[in-house]
Amino acid sequence: MSHGRKDTFHAFKSGVGLADNCVIATYVWIDAHQEVRSKSRVLQHKVLTPQDAPIWNFDGSSTDQATGRNSDCWIKPAALFKDPFRLEPHVLLMCDVYNYDWTPAIGNNRDSCAKVMLQTAVQEAKPWFGIEQEYSILESADQPLGWPKGGFLRPQGPYYCGVGAGKAIGREIVETHLHRCLYAGVKVCGTNAEVMPSQWEFQVGICEGIEIGDHLWMARYILKMVAEEHNYSITFDPKPVKGAWNGAGCHTNFSTHAMRDSNHGISEINAAIEKLGKRPNVHLKAYDANLGEDNKRRLVGAYETASYKEFSSGVADRGASIRIPRHCQSEGCGYLEDRRPAANCDPYAVAEIIVRTTILNETGDSEAI
Ligand code: ADP
Ligand code: MN
Ligand code: MN
Ligand code: MN
């Protein structure tokens, strides 16, 4: 321990200074490009609910969310987690971003998602979500972890759920991320190595309503923080490596109370799929960070995807837009899996459009992407 750190340590121990009573609150928000940003603030009181932390602000002109001449954006805490890096009593806050006049800022899809989730019909339907977040670990810009510089590894095959050196690349990140999420109170329910080497997945769920966005975004923040400690970065690009390599998605598993009912669940699932099939383009525009353009590179009708040009569904079909898991078909109830959302989707936008189409029966499609 260096001399300087020892001094700080003694100051903590002896109660000298503010450290004993303070809570460090990290405000996490989403910028105009669907990337997380954060900054921290020292408070002199406990934070037990999001409202215990004050509304704050940041320079929106540095995140493309405001102009320099009128730059202050509001950040309003919406969901509270424990800080898994600084530990208790310190906290992480998932925040809403608002313009100076309290209209939702660019990049804030949470505000409208929350309003939809509060509608009576939606509350009564009890919408559950589970999202499978795929991501790739990068050593430096565009260089996946463990890949030879300027070259490729052995073709896909041994990596999915692979075990051992040369197959599972970056497991220390995955493990640390899982433990930190569980400490924080983020509902991560599993992890696995993916088909492309140094690509991994974690699942968030089951979450009801708006919770899915809060938990998935905080899981993304924690993942980027863990990678940063190793000097790696994380990409959610839907097709990080061109060619014969799988892309990265955010399969969205969805059910309502009726779909989970063992008497008629499966017909409810099929009815929901029929509604989804009538407006594929409205959905595709909400399923990545770039109005569907990014996802075109991924939804090519190969590598376990359906083409973005054609809506399809099927039992156990990983080449369909929507898959009904085999066990749901045989049990006659359960959930559906929308395989179209890209790894860089905003889960608030995805959850909102699924609810609008399947529960609120909104109709009409937009122009093709
Ligand atoms: P896959 O076989 O597609 O890889 P995973 O096991 O990775 O599936 O993920 C399944 C996801 O489905 C999990 O996130 C889980 O929370 C979610 N899930 C399970 N049951 C339901 C349900 N009834 N409604 C919504 N989501 C569900
Ligand atoms: Mn999965
Ligand atoms: Mn997967
Ligand atoms: Mn899946």
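Note that this is a predicted model, so its numbers are computed, not measured. (Residues numbered from 1 in each chain as written. Chains lettered and ligands numbered in written order. Predicted model: local features only at pLDDT ≥ 70, side-chain atom pairs only at ≥ 80, totals over all residues. Heavy atoms only, no water.)

A.B. asks: Go over helix 5 (residues 211–229), please, and point to the residues and values.
C.D. replies: In a regular helix each residue adds 1.5 Å, so 19 residues correspond to 27 Å; helix 5 covers 27 Å between its end C-alpha atoms and thus fits that length. Among the 19 residues in helix 5, 14 count as buried, and that is most of the element. Trailing helix 5 by a residue or two, Asn231 shows a phi angle of about 65°, which is positive. (Helix = DSSP H or I, 4+ residues; strand = E, 2+ residues; numbered from the N terminus. Expected span 1.5 Å × (residues − 1). Buried < 20%, exposed > 50% of the residue type's maximum accessible area, 1.4 Å probe, protein only.)

A.B. asks: Outline the site of ligand 1, listing residues and values.
C.D. replies: Around ligand 1 sit 17 residues, and of these Glu132, Glu201, Ser255, Arg323 and Glu337 come closest. A distance of 3.1 Å is found between an oxygen atom of ligand 1 and a side-chain nitrogen or oxygen belonging to Glu132. One of the side-chain nitrogen or oxygen atoms of Asn253 is found 3.4 Å away from an oxygen atom of ligand 1. Taken by itself ligand 1 offers 590 Å² of open surface, and the protein chains cover 77% of this. Among the secondary structure elements, those contributing two or more residues to the shell around ligand 1 are strand 6 (128–140), strand 9 (199–208) and strand 11 (250–255). (Near = heavy atom within 4 Å. Polar contact = N/O pair within 3.5 Å; in protein donor to acceptor, adjacent residues only side chain to side chain. Areas by Shrake-Rupley, 256 points an atom, 1.4 Å probe, with all protein chains shown as cover.)

A.B. asks: I'd love a proper account of the coordination of the manganese ion (ligand 4), names of residues and values included.
C.D. replies: Taken together, the protein donors to the manganese ion (ligand 4) comprise Glu132 (OE), Glu132 (OE), His251 (ND1) and Glu337 (OE), at separations of 2.0 to 2.6 Å. Sequence spacing among the residues donating to the manganese ion (ligand 4) works out to E-x118-H-x85-E. The metal-metal distance between the manganese ion (ligand 4) and the manganese ion (ligand 2) comes to 3.9 Å, with Glu132 coordinating both. Separated by 119 residues along the polypeptide, Glu132 in strand 6 and His251 in strand 11 bring together distant segments of the chain. Residue Glu132 is classed as buried on the basis of its relative accessible area of 13%. (Donors = N, O, S within 2.8 Å, 3.2 Å for Na, K, Ca; no water.)

A.B. asks: Please provide a residue-by-residue account of the sheet that holds strand 1 (residues 23–30), values included.
C.D. replies: With mixed pairing, the 5 strands of this open sheet are ordered in space as 2-1-5-4-3. Looking at strand neighbours, the two that pair on one side only are strand 2 (36–43) and strand 3 (56–59), the edges of this open sheet. Neighbour to neighbour, the strand axes of the sheet diverge by 40° on average, direction disregarded. (Pairing = 2+ DSSP bridges. Axes fitted to C-alpha atoms, helices over the stretch in contact; angles between N-to-C directions.)

A.B. asks: Can you lay out the pattern of salt bridges for me, pointing to particular residues and giving the numbers?
C.D. replies: Think of it this way: side chains of opposite charge can pair up when their charged atoms draw near. Using the criterion set out here, one finds 19 salt bridges in the structure. Taking the shortest distance from any N to any O, the salt bridge between Arg297 and Asp294 comes out at 3.7 Å. For Asp338, the salt bridge identified is with Arg340, shortest N-O distance 2.9 Å. Of the two residues examined, Asp338 and Arg340, each falls in the buried class. Shared partners join several salt bridges into a network, and the residues in it are Asp96, Arg110 and Asp214. (Salt bridge = Lys/Arg side-chain N within 4 Å of Asp/Glu carboxyl O.)

A.B. asks: Report on the state of the cysteines, specifying residues and quantitative values.
C.D. replies: Counted by the stated rule, this structure contains 0 disulfides. Between Cys113, a cysteine without a disulfide, and Cys345, which holds the nearest cysteine sulfur, the sulfur-to-sulfur distance is 12 Å. The exposure class of Cys113 is buried, given its relative accessible area of 1%. Cys345 supplies the cysteine sulfur nearest to Cys250, a cysteine that is in no disulfide, at a spacing of 3.9 Å. (Disulfide = S-S within 2.5 Å.)

A.B. asks: Give a description of the pairing of strand 11 that names residues and reports values.
C.D. replies: Counting buried positions over the 6 residues of strand 11 gives 6, a clear majority of the element. Of the two faces of strand 11, both are covered, the one formed by Cys250, Thr252 and Phe254 as well as the one formed by His251, Asn253 and Ser255. With 6 bridges connecting them, strand 6 and strand 11 associate as antiparallel partners. Looking at the pairing, Glu132 lines up with His251 of strand 11. When strand 11 meets strand 14 (residues 336–338), the two strands line up antiparallel, connected through 3 bridges. Bridge pairing in strand 14 links Phe254 to Leu336.

A.B. asks: With reference to specific residues and values, describe the nonpolar core.
C.D. replies: Counting residues in each nonpolar core, the largest one holds 68 residues, and the members touching the most others are Met94, Tyr135, Val186, Met218, Ile222 and Leu336. If one sorts the elements of this core by residue count, helix 5 sits on top with 10 residues. Counting contributing residues per domain, this core is built from domain 1 (19–107) and domain 2 (120–358), each supplying no fewer than three. Ranked by size, the runner-up nonpolar core spans 16 residues in total, among them Ala25, Leu43, Cys73 and Val97. (Core = buried A, V, L, I, M, F, W, Y, C linked by side-chain atoms within 4.5 Å. Domains from an automatic or database assignment.)

A.B. asks: How would you summarise the coordination of the manganese ion (ligand 2) if you had to cite specific residues and measurements?
C.D. replies: Protein-derived coordination of the manganese ion (ligand 2) comes from Glu132 (OE) and Glu201 (OE), at a distance range of 2.2 to 2.3 Å. In this structure, the manganese ion (ligand 2) lies 3.9 Å from the manganese ion (ligand 3), and both are coordinated by Glu201. Note that Glu132 is positioned in strand 6 and Glu201 in strand 9, a separation of 69 residues in sequence. The two residues Glu132 and Glu201 agree in class, both being buried.

A.B. asks: Any chance you could break down the side chain of Asn99 for me, citing the residues and the numbers?
C.D. replies: The residue Asn99 is located in the loop between strand 5 (91–98) and helix 2 (110–117) in this model. For Asn99, a relative accessible area of 18% puts it in the buried group. Ignoring sequence-local partners within four residues, the contact set of Asn99 consists of Gln65, Trp74, Pro104 and Ala105. (Contact = heavy atoms within 4.5 Å.)

A.B. asks: Please provide a residue-by-residue account of helix 4 (residues 171–184), values included.
C.D. replies: Under the 1.5 Å per step criterion, the end-to-end length of helix 4 is 20 Å for 14 residues, consistent within 8% with the ideal 20 Å. Among the residues of helix 4, Ile173, Val174, His177, Leu178, Cys181 and Ala184 are the ones counted as buried. Buried residues along helix 4 cover an arc of 135° about the axis, so they all sit on one side. Against the buried residues of helix 4 lie strand 4 (72–82), strand 6, strand 8 (188–193), strand 9 and helix 5. Immediately downstream of helix 4, the backbone of Gly185 shows phi near 95°, a positive value. (Arc of directions from axis to C-beta.)

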